[in-house]
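So the chains spell out like this:
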Amino acid sequence: MILVISASLHPESRSRILADTAKSKLLKKNASVEVFDLSKKPLPLCDGLTAYGDSNVQELSRLVQEADAILLASPVYNYDVNAAAKNAIELTGKAWTNKLVGILLAAGGPGSYMSAMGVANSLMLDFRCLVLPRFIYALGDAFQGDELCDQQIDQRITELTDELIRLSSAIKK
Ligand SMILES: Cc1cc2nc3c(=O)[nH]c(=O)nc-3n(C[C@H](O)[C@H](O)[C@H](O)COP(=O)(O)O)c2cc1C
């Protein structure tokens, strides 16, 4: 199973469109996909203690644990993923161990294109994740309403999802 986590809390989120696009491409390739949308299933802030007992946290932990690979779609906030994405990782911590991870980002400008590196480093160093070196980075002009309209970004998502499926089945073997 491939887990797609959509981290934006914005009602008209662009990174959610990236997550939906990736999900459609995975389904077309007959992958089994689960989506966890943080705007629909809010998580408490990680306090390192009681928050782990929350039912949404437990559901996300189980999904992360069961996933062969995880796609994290997030807004860029302050040259990083948003706090909701960071919080979700804090809450589910060790369940990420050894996971294959892909990252899709929606951003406001071109200058923050290396914003995936903070979370990529933490996933690699903390949990030995294998982070795919194919990041999706989309600006506002890649979208029209609730549609992705940029062919290059669409092609990059095709490559990311192909690679995710190829590597996750290689790891299973
Ligand atoms: C608090 C905040 C911080 C942001 N910081 C950045 C930033 O550092 N770099 C950037 O390119 N865009 C930044 N943006 C713009 C968002 O990345 C952009 O609006 C993006 O579409 C948000 O993703 P979403 O549509 O999935 O919510 C910021 C937006 C907000 C609200």
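Residues numbered from 1 in each chain as written. Predicted model: local features only at pLDDT ≥ 70, side-chain atom pairs only at ≥ 80, totals over all residues.

*Asks:* Teacher, can you tell me more about the site of the ligand here?
*Replies:* In the vicinity of the ligand there are 16 residues, among which Ser 8, Ser 15, Pro 75, Gly 108 and Ser 112 approach most closely. Listing elements by their share of the shell around the ligand, those giving two or more residues are helix H1 (14-28) and strand E3 (69-77). Its residues placed into classes, the shell around the ligand shows six nonpolar, eight polar and two charged. (Near = placed C-beta within 6 Å. Helix = DSSP H or I, 4+ residues; strand = E, 2+ residues; numbered from the N terminus. Nonpolar A, V, L, I, M, F, W, Y, C, P; charged D, E, K, R; others polar.)

*Asks:* What should I look at first to understand the packing of H1 against helix H5 (residues 151-172) in this one?
*Replies:* Helix-helix packing: each pair is described by the crossing angle between the helix axes and the interaxial distance. The contact between H1 and H5 brings their axes to 10 Å, and the two run at 55 degrees. The angle between H1 and H5 falls in the class oblique. Here the hand of the crossing between H1 and H5 comes out right-handed. Here H1 contributes Leu 18, Thr 21, Ala 22, Lys 25 and Leu 26 to the contact with H5, which in turn contributes Asp 154, Ile 157, Thr 158, Leu 160 and Thr 161. In the contact of H1 with H5, the residues fall into five nonpolar, three polar and two charged. (Axes fitted to C-alpha atoms, helices over the stretch in contact; angles between N-to-C directions. Parallel < 35°, antiparallel > 145°, perpendicular 65-115°, else oblique. Left-handed = near helix turned anticlockwise from the far one by under 90°. Contact = placed C-beta atoms within 7 Å.)

*Asks:* What exactly am I supposed to notice about the nonpolar core here?
*Replies:* When a protein is soluble and globular, its nonpolar side chains tend to lie buried together. Counting 49 residues, the largest nonpolar core has Leu 18 and Leu 71 as its most contacted members. Sequence-distant contacts of Leu 18, that is, excluding residues within four places in its chain, are made with Ala 73, Leu 104, Ala 106, Ile 136, Ala 138 and Ile 157. (Core = buried A, V, L, I, M, F, W, Y, C linked by C-beta atoms within 7 Å. Buried ≥ 20, exposed ≤ 12 C-beta atoms within 10 Å, placed from the backbone.)

*Asks:* Got a minute to help me understand the pairing of strand E2 (residues 33-37) in this structure?
*Replies:* Two faces belong to every sheet, and in a regular strand the side chains alternate between them. Taken together, the five bridges between strand E1 (residues 2-6) and E2 define a ladder with parallel strand orientation. In the sheet register, Ile 5 faces E2, and the bridge partner there is Phe 36. On the question of chirality, the crossover connecting E1 to the parallel E2 by way of H1 is right-handed. (Pairing = 2+ DSSP bridges. Right-handed = clockwise from strand over helix to strand, strands pointing away.)

*Asks:* It is not clear to me how the pairing of E3 should be interpreted in this structure. Could you clarify?
*Replies:* Buried residues dominate E3, accounting for eight of its nine residues. With five bridges connecting them, E1 and E3 associate as parallel partners. Within E3, the residue paired with Val 4 across the bridge is Leu 71. Pairing of E3 with strand E5 (residues 100-106) involves seven bridges; the strand directions are parallel. Residue pairing in the sheet places Ser 74 in a bridge with Leu 105 of E5. Connecting E3 to the antiparallel partner strand E4 (residues 80-81) that follows it, the hairpin turn spans two residues, and Asn 78 within it adopts a positive phi of roughly 50 degrees.

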